[in-house]
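Spelled out from the first residue to the last, the chains are:
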Amino acid sequence: MDYKTILLGATAMACGALEADKGALAIGRGILLAQEFCHGYVSLRLSAPRTKLGRDLRDELTRRGLLEDERAHLPPIADVLARRLLEKNAHLWLETEVLDVRPVNGGFEVDVMAADGLRTATAERVIDTTSEGLWRCARQLSNYKKEARVPLLRTTGFLPVLPRGVHIEYGLLPDEAILCVPVDRNAGWQETRFALRDVWRALYAESIGWELAAEPVEPAILYDAPVRADLSRGWTFRPSVSCGDLMRAFEEGSLCV
């Protein structure tokens with residue numbers, strides 16, 4: 001076997017696993033780490049760490065001004081995680097699409113399309129940490145919600161009456177907030193953007209005292225509780241985002257390898 005564990009998704013959980021175990025490989029579709037939290041703008045509060053690796057990450061985030069009183073400024077944490085993995089020479093494939101996972105004698109083969117072409121990696125076990133699971137298996141295994149989340153920058157701070165279901169979460173920075181717009185969990189990216197557009201138009205017409213500060217990369221996925229489902233012997237679905245916040249997911253990853 002090439003690796004002890006292959007983690008699907010360059011998630012916060014995968015980052016924790018890579019820091020804890022040299023025998024792990026993480027495979028991500030994009031170029032951003034912990035995207036489910038850092039660029040989905042999910043959970044602006046981090047749990048108190050329970051492990052040595054978690055405390056080390058907390059101390060670095062605090063030193064860099066990204067964490068204060070358990071409130072985090074999420075987007076740049078992705079860069080901190082990337083630097084930490086680079087220093088550890090972790091096994092991480094980005095911009096890589098998983099094509100197939102199949103059992104073989106003693107483990108699994110994972111076929112991928114990487115920047116340099118087709119590859120196959122083998123491992124004793126596979127942990128799917130992606131938010132909806134490879135081929136969206138989460139729709140059959142668990143319950144979750146989906147939202148369009150976008151950061152706002154305060155101008156006057158005036159908030160009109162929010163449309164039903166829409167809410168605001170306030171971040172670490174004094175002028176930072178997240179606009180959260182619920183969408184159907186079967187909605188694709190286009191429908192999600194349309195929902196966000198319609199809500200923003202309604203708020204803009206009421207002279208909302210905030211400006212859009214960035215554009216969301218993908219919908220936010222929200223679980224009520226951690227999920228762990230065995231798809232077959234040695235192949236587990238453990239969505240990182242179901243852990244609730246980035247610190248908890250990072251530590252769960254460090255403990256699962």
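This write-up is about the structure you can find in this document. (Residues numbered from 1 in each chain as written. Predicted model: local features only at pLDDT ≥ 70, side-chain atom pairs only at ≥ 80, totals over all residues. Heavy atoms only, no water.)

Core analysis: the largest hydrophobic core is formed by 49 residues, its most contacted members being Leu 57, Leu 61, Ile 77, Leu 81, Tyr 223 and Leu 246. Those elements giving two or more residues to this core turn out to be helix 1 (12-20), strand 2 (24-27), helix 2 (35-38), helix 3 (52-63), helix 4 (77-87), strand 11 (176-183), strand 13 (220-223) and helix 7 (246-255). Not counting residues up to four positions away in its chain, the partners in contact with Ile 77 are Cys 38, Leu 61, Leu 66, Ala 72 and Leu 246. Core analysis: the second largest hydrophobic core is formed by 16 residues, Leu 25, Phe 108, Val 112 and Val 126 among them. (Core = buried A, V, L, I, M, F, W, Y, C linked by side-chain atoms within 4.5 Å. Buried < 20%, exposed > 50% of the residue type's maximum accessible area, 1.4 Å probe, protein only. Helix = DSSP H or I, 4+ residues; strand = E, 2+ residues; numbered from the N terminus. Contact = heavy atoms within 4.5 Å.)

For the rest of this paragraph, the subject is a nonpolar patch on the surface. Residues Leu 99, Met 113 and Leu 118 make up a contiguous nonpolar surface patch of about 290 Å² in total accessible area. Residue placement: Leu 99 occurs in strand 6 (residues 97-104). (Patch = residues over 30% accessible without salt bridge, like charges linked within 9 Å, V, L, I, M, F, W, Y side chains within 5 Å. Areas by Shrake-Rupley, 256 points an atom, 1.4 Å probe, with all protein chains shown as cover. Salt bridge = Lys/Arg side-chain N within 4 Å of Asp/Glu carboxyl O.)

A few words now on a positive patch on the surface. On the surface, a cluster of positive charge is made up of Lys 22, Lys 52, Arg 55 and Lys 88. Summarising the element assignment, Arg 55 is placed in helix 3. On the basis of relative accessible area, Arg 55 is assigned to the partly exposed category, the value being 36%. (Lys, Arg positive; Asp, Glu negative; His and termini not counted. Charge placed at Lys NZ, Arg CZ, Asp CG, Glu CD.)

Put simply, helix 1 and helix 7 touch, their axes get as near as 6 Å, and they point 40° apart. With respect to each other, helix 1 and helix 7 are oriented oblique. Considering the relative orientation of helix 1 and helix 7, their crossing is right-handed. Residues Ala 12, Met 13, Cys 15, Gly 16, Ala 17, Glu 19 and Ala 20 of helix 1 touch helix 7, and the partners they reach there are Leu 246, Ala 249, Phe 250, Glu 252, Gly 253 and Ser 254. (Axes fitted to C-alpha atoms, helices over the stretch in contact; angles between N-to-C directions. Parallel < 35°, antiparallel > 145°, perpendicular 65-115°, else oblique. Left-handed = near helix turned anticlockwise from the far one by under 90°.)

As for its placement among the helices and strands, Thr 129 is situated in the loop between strand 8 (117-128) and helix 5 (138-141). The buried category is assigned to Thr 129, whose relative accessible area is 0%. Within the local environment of Thr 129, its side chain forms a polar contact with the side chain of Thr 11, the two groups lying 2.8 Å apart. Those residues in contact with Thr 129, other than ones at most four positions away along the chain, are Leu 7, Leu 8, Gly 9, Thr 11, Met 13, Ala 14, Arg 238, Pro 239 and Ser 240. (Polar contact = N/O pair within 3.5 Å; in protein donor to acceptor, adjacent residues only side chain to side chain.)

On to the state of the cysteines. Scanning all chains against the criterion turns up zero disulfides. Take Cys 243: it sits in no disulfide, and the sulfur closest to it among the cysteines is that of Cys 256, at 9.1 Å. Given the relative accessible area of 9%, Cys 256 is considered buried. (Disulfide = S-S within 2.5 Å.)

In terms of backbone geometry, most residues other than glycine have negative phi values and most peptide bonds are trans. Phi is positive for Ser 43, which is not a glycine, with a value near 65°. Here Ser 43 shows up in the loop between helix 2 and helix 3. Classification of Ser 43 by relative accessible area gives buried; the value is 18%. You will see that Ser 207, though not glycine, has its phi angle at about 60°, which is positive. Residue position: Ser 207 is located in the loop between helix 6 (189-205) and strand 12 (210-212).

Before going further, it helps to spend a moment on helix 3. With twelve residues, helix 3 ought to run about 16 Å at 1.5 Å a step, and its terminal C-alpha atoms sit 16 Å apart, in line with that. For helix 3, the set of buried residues is Gly 54, Leu 57, Glu 60 and Leu 61. Taken down its axis, helix 3 places every buried residue within 125° of arc, on the same side. Residues of helix 3 that are exposed and angled more than 90 degrees away from the buried face: Lys 52 and Arg 63. At its buried positions, helix 3 is contacted by strand 3 (67-68), helix 4 and helix 7. (Expected span 1.5 Å × (residues − 1). Arc of directions from axis to C-beta.)

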